[in-house]
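Architecture at a glance
Spelled out, the chains give:
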Amino acid sequence: MTPRTPSSGSDPKNTAEAAGHDRPAPAKKAAAKKATAKKAVAKKTTAKKAAAKKTAAKATAAKASGADTRKTAKKAATAAKKAPATKAAPRPAAPEPMAPEPVAPAPAAAWRPEDPALVAVGIGDRERLLAGTHHDPHSVLGAHPVPGGVAFRVFRPYALGVTVVAGEQRAGLRDDGEGFFTGLLPLPEVPAYRLEVDYAGTVQHTEDAYGFLPTLGEFDLHLIGEGRHEQLWQALGAHPMTHDGVTGTRFAVWAPNARGVRVAGGFNFWDGTGYPMRSLGATGVWELFVPGIGEGELYKFEITRPDGSRTLRADPLARRTEVPPATSSIVHASHHEWGDAEWMAHRADIPAHEAPFSAYELHLPSWRPGLTYRQLAEQLPAYVKDLGFTHVELMPVAEHPFGGSWGYQVTGFYAPTARLGTPDDFKFLVDALHQAGIGVLMDWVPAHFPRDEWALAEFDGLPLYEHADPLRAAHPDWGTLEFDFGRREVRNFLVANALYWCEEFHIDGLRVDAVASMLYLDYSREPGQWTPNEHGGRENLDAVAFLQEMNATVYRRVPGVVTVAEESTAWDGVTRATHHRGPSGFGGLGFGLKWNMGWMHDSLQYMSHDPVHRRFHHGEMTFSMVYAYSENYVLPISHDEVVHGKRSLVSKMPGDWWQQRADLRAYLAFMWSHPGKQLLFMGQEFAQGAEWSETRGPDWWLLDPNYGAAADHRGVLDLVRDLNTVYRATPALWARDVHPDGFQWITGDAADDNVFAFLRYDTDGTPLLAVSHFAPVVRPDYRLGVPDDVPAWLEVLNTDAARYGGSGVVHPHPVKPEPQGRHGRPASIRLTLPPLATVWLRPA
């Protein structure tokens, strides 16, 4: 669950969006550029005067279009001075810059006298291109057949000159002012051509971005328009590619309310004026293929809002980002070669609810503070494998601006946080875990997003990802915005995002955060602050439909993946199939597992009582079995239970240090034997006394042999290892988790003794006997009824064993039943119950 924090994003003072760029260049370089620009413009002015004298027709055309040579030179110099002083990022895919060359005018015979109306950019198009409100720049810019030849139109602000190179032919274009260059070549058709763009101090050789057909096909656009593009990340965002034999990057973004969209980045000094995108019809998608740039480039989208104002936005589908607090998106292509083929081939062999499942929850940035993804890959798999957990559950890894949100306020839904490395580095970590036999679940947060002005909030000037109704948009608890689940494109964005993590990163499961806040229109809202649904109810029908679609799609496309709901209410059918309707009239939500928040709350409440008072709260430990088979449950001792004044798990226990540790050990074994899957948060496996803090992580020093009480903590760690070892080897503890015939009480009403005893059964009927005793006394010869078809019982785990830090009251020899009935059974055994301990026995 998202922590309640005063801030949801990075300090606006740390961002440079208001200035239109991210990082100022050093002052000396900026001054040098200004001086060079002045000299180059002066030289250019002289050349243009000479050219004007030689070609009267060309001068007349320039005059007709309003392009005065001296005025143009002055504007160019001024524009060069005002150009953003951002330092361009390295461009590994761009051609090597060439030395400055004079712009060679074409021979007079190469040009035809042109009608400015056919060749020059019209006033209307010119104004819209300059204002960033042109929907179809490709219809104006580039090369276009016209009467008399091919018209070339180039829009390059700050350029001193532009030359068209077509094979052996070179032709300098006329400067029409304000960055527009045009000319007419007497050619029968549009040739293959390149541009030489002369800037102050350099010449850029490039293909013309406006000479390409769209890179998105009709089928992609149809699926996007329908909200059914299940691999949306392959269509939108920034993609290095080869298009028509030319390398570059395709940019595409959904912004249906925008009057215009341009690409700004390190490659154009964060000035998107010369890079307008085209609108691809009614889908609201804008697209541009930019030749010559590739991986590693920083970029954002410069969006002109409906009111004419502009905003610079990170890419909602960026697959890589800068390290916060920087906010730019980065062009990315994956090069990771997976080595987990065996894991992937077999992860669907057994459904999660019928398999052993014990998850170690952790916050990657603070598990071992300072480690990168690749460094974590060297330590985390070995640690988790040694302790015997079947899975890790990662708190959110998607990019987020504020570290104090623990990742639950996401701005980069398609990008692993750059704090720990690149997307391929994160893949390397997942790969290492799989090769160690460990599944990977991650927290996924589709309920809400922060209001940062460079991210999703009012992305194109109007509510887009959030609901248009302010009462439906604002999340009352976290100061964030809720997604508009009723909008098909928003549902598509989220459903595809779930698939993205599973397909691209081989994630084995998604734990969906804050499901309850999505399901109810009145969640944390008072009367008058919410509007009932069309049936007059409080259910958010749009959210229900979204969750059903997400689960159905994930399970259809990615076999072996499990979805887990953090849902804290009694909503009917969270783990029921979507096509099976329940008493409420709704189909199931379709999740594979659900967090059992009721069990967690009740059992921790019981454990917090002093043992002498526990008999009055006995039902808090038995009530979970009333509804244990209503859903497929996970028993979660998560990060939420060890922060914000709730104390660590061992510190919740009453009594002195010995009793606290004994209670913790007994409780963990009770949890591992209770129907349901297991989840334990980092630090609790070795009885950390302090609450978790994302700034420092677990107190690993407690395990240092030089620390006096290290043995106490290592005892708990050893118990967790043995719990997992015995658990994985005992199908009775997991194979029938969701079937009532997998559990039988022996005694659930021994309140005066603080005793709970029950049987767990494997699919073949093999039992395991679990006995928990939550009183700090030894009870000798405690009689328990047992089946009469088991000749003897052997103790396989006792939390009071000396090696765990207990008192050593154990049963080293088989225990034989006696023909004396007890608890409604024909036979019974006598056990010495250790103090504050849980004992497991299996047939000898």
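Residues numbered from 1 in each chain as written. Predicted model: local features only at pLDDT ≥ 70, side-chain atom pairs only at ≥ 80, totals over all residues. Heavy atoms only, no water.

When helices and strands are tallied, the chain shows 18 helices and 35 strands. Out of the 844 residues in the chain, the part that is buried amounts to 59%. Accessible surface, the chain: about 32,500 Å² in total, of which carbon and sulfur atoms supply 54%. (Helix = DSSP H or I, 4+ residues; strand = E, 2+ residues; numbered from the N terminus. Buried < 20%, exposed > 50% of the residue type's maximum accessible area, 1.4 Å probe, protein only. Areas by Shrake-Rupley, 256 points an atom, 1.4 Å probe, with all protein chains shown as cover.)

Before going further, it helps to spend a moment on the nonpolar core. Soluble, globular proteins show a tendency: their nonpolar side chains are buried together. Counting residues in each nonpolar core, the largest one holds 185 residues, and the members touching the most others are Phe251, Leu364, Phe426 and Trp501. The biggest single contributor to this core is helix H12 (residues 488-504), with 10 residues. Counting residues in each nonpolar core, the second largest holds 20 residues, with Leu769, Val786, Ala827 and Leu841 among its members. (Core = buried A, V, L, I, M, F, W, Y, C linked by side-chain atoms within 4.5 Å.)

To locate leftover empty space, one rolls a probe as large as a water molecule over the atoms. One pass over the structure, following the stated rule, counts 10 cavities of 30 Å³ or more. Here the largest cavity is characterised by a volume of approximately 140 Å³. Lining the largest cavity are 21 residues; nearest its centre among them are Thr321, Thr327, Glu399, Thr411 and Trp454. Per-class residue counts for the lining of the largest cavity are 10 nonpolar, eight polar and three charged. (1 Å grid on protein atoms, 1.4 Å probe; cavity = no way out; pocket = protein on both sides within 12 Å on 5 of 7 lines; lining within 4 Å. Points joined across faces, edges and corners; volume = space filled by probe spheres on them. Nonpolar A, V, L, I, M, F, W, Y, C, P; charged D, E, K, R; others polar.)

The next thing to look at is helix H14 (residues 541-557). Taking 1.5 Å of rise per residue, 17 residues should cover 24 Å, and H14 covers 24 Å from first to last C-alpha, within 8% of that figure. Within H14 the residues assigned to the buried category are Ala543, Val544, Phe546, Leu547, Gln548, Glu549, Met550, Asn551, Thr553 and Val554. Looking at the buried positions of H14, the neighbouring elements they touch are strand E21 (439-444), H12, strand E24 (509-512), helix H13 (515-519) and strand E25 (562-565). For H14, the capping residue at the N-terminal end is Asn540, with a side-chain oxygen 3.2 Å from the backbone nitrogen of Asp542. (Expected span 1.5 Å × (residues − 1). Contact = heavy atoms within 4.5 Å. Polar contact = N/O pair within 3.5 Å; in protein donor to acceptor, adjacent residues only side chain to side chain.)

To continue, consider unusual backbone geometry. Outside of glycine, negative phi angles account for most residues, and trans bonds account for most peptide bonds. The omega torsion of the bond from Pro324 to Pro325 falls at 10°, within 30 degrees of zero and hence cis. The phi dihedral of Trp406 is positive, around 60°, even though this residue is not glycine. Relative to the assigned elements, Trp406 resides in the loop between strand E19 (398-399) and strand E20 (412-416).

All right, on to the sheet that holds strand E10 (residues 246-254) then. Here we have four strands laid out as an open sheet, ordered E9-E10-E13-E12, and antiparallel in their pairing. With partners counted over all chains shown, the strands left at the sheet margins are strand E9 (237-243) and strand E12 (278-279), one partner each. Judged from the two bridges that link them, E12 and strand E13 (residues 285-291) form a sheet pairing that is antiparallel. In the sheet register, Ser279 faces E13, and the bridge partner there is Trp286. (Pairing = 2+ DSSP bridges.)

All right, on to the sheet that holds strand E31 (residues 767-773) then. Taken together, the five strands give an open sheet; going across it, the order is E29-E30-E31-E35-E33, and neighbouring strands pair in antiparallel fashion. In this open sheet, the two edge strands, each paired with only one partner strand, are strand E29 (743-750) and strand E33 (793-798). Strand-to-strand twist of the sheet, defined as the mean angle between neighbouring strand axes without regard to direction, takes the value 20°. Bridging between E33 and strand E35 (residues 837-843) involves five bridges; their strand directions are antiparallel. Note on E35: the bridge partner recorded for Asn798 is Val839. (Axes fitted to C-alpha atoms, helices over the stretch in contact; angles between N-to-C directions.)

What follows deals with the pattern of salt bridges. For side chains bearing opposite charge, pairing can occur when the charged atoms are close. A complete count under the given rule lists 38 salt bridges for this structure. With a closest N to O distance of 2.7 Å, Asp508 and Arg347 form a salt bridge. One end of the pair, Asp508, is in the loop between H12 and E24; the other, Arg347, is in the loop between helix H7 (341-346) and strand E17 (358-362), with 161 residues separating them in the sequence. Assigned by exposure class, Asp508 and Arg347 land together as buried. With a closest N to O distance of 3.7 Å, Asp722 and Arg803 form a salt bridge. One end of the pair, Asp722, is in helix H18 (residues 710-728); the other, Arg803, is in the loop between E33 and strand E34 (827-833), and 81 residues separate them in sequence. Each of the salt bridges in this network shares a partner with another, and the network as a whole consists of Glu393, Asp443, Arg511, Asp513 and Glu566. (Salt bridge = Lys/Arg side-chain N within 4 Å of Asp/Glu carboxyl O.)

Another aspect to go through is H18. Between the first and last C-alpha of H18 there are 27 Å, a value that for 19 residues agrees with the 27 Å anticipated at 1.5 Å per step. Listed as buried for H18 are Ala710, His713, Gly715, Val716, Leu717, Leu719, Val720, Arg721, Leu723, Asn724, Val726 and Tyr727. Elements that come into contact with the buried residues of H18 comprise E17, helix H9 (373-387), helix H17 (657-673), strand E28 (677-681), E33 and E35.

To continue, consider the packing of aromatic side chains. Counting across every chain of the model gives 50 aromatic pairs. Look at Phe426 and Trp501: their rings are 6.4 Å apart centre to centre, the planes differ by 80°, and that puts the pair in the edge-to-face class. On the criterion of sequence distance, the pair formed by Phe426 in helix H10 (residues 423-435) and Trp501 in helix H12 is long-range, its members being 75 residues apart. Each member of the pair Phe426 and Trp501 is classed as buried. (Phe/Tyr/Trp six-rings, centres within 6.5 Å; stacked < 30°, edge-to-face > 60°.)

Before going further, it helps to examine the side chain of His229. By secondary structure assignment, the location of His229 is in the loop between helix H6 (218-226) and E9. A relative accessible area of 6% places His229 in the buried class. Of the polar contacts made by the side chain of His229, one reaches the side chain of Asp220; its length is 2.7 Å. When residues no more than four places from it in sequence are discounted, the contact partners of His229 are Asp220, Leu223, Ile224, Ala235, Asn492 and Ala496.

With that settled, the discussion passes to the packing of H9 against H10. Running from N to C, H9 and H10 point in directions that differ by 10°, and their axes come no closer than 8 Å. With respect to H10, the element H9 is oriented roughly parallel. Within the contact between the two elements, H9 uses Tyr373, Arg374, Leu376, Ala377, Leu380 and Pro381 and H10 uses Asp424, Asp425, Phe426, Phe428, Leu429, Ala432 and Leu433. When its residues are assigned to classes, the contact of H9 with H10 shows 10 nonpolar, no polar and three charged. (Parallel < 35°, antiparallel > 145°, perpendicular 65-115°, else oblique.)

For the rest of this paragraph, the subject is the pairing of E31. Extensive coverage of E31 is indicated by the burial of seven of its seven residues. Side chains Pro767, Leu769, Val771 and His773 project from E31 onto one buried face, and the interleaved Leu768, Ala770 and Ser772 project onto a second face that is buried too. Taken together, the seven bridges between strand E30 (residues 755-761) and E31 define a ladder with antiparallel strand orientation. Within the sheet, the bridge partner assigned to Tyr761 lies in E31 and is Pro767. What sits between E30 and E31 in their antiparallel hairpin is a turn of five residues, with Gly765 showing a positive phi close to 95°.

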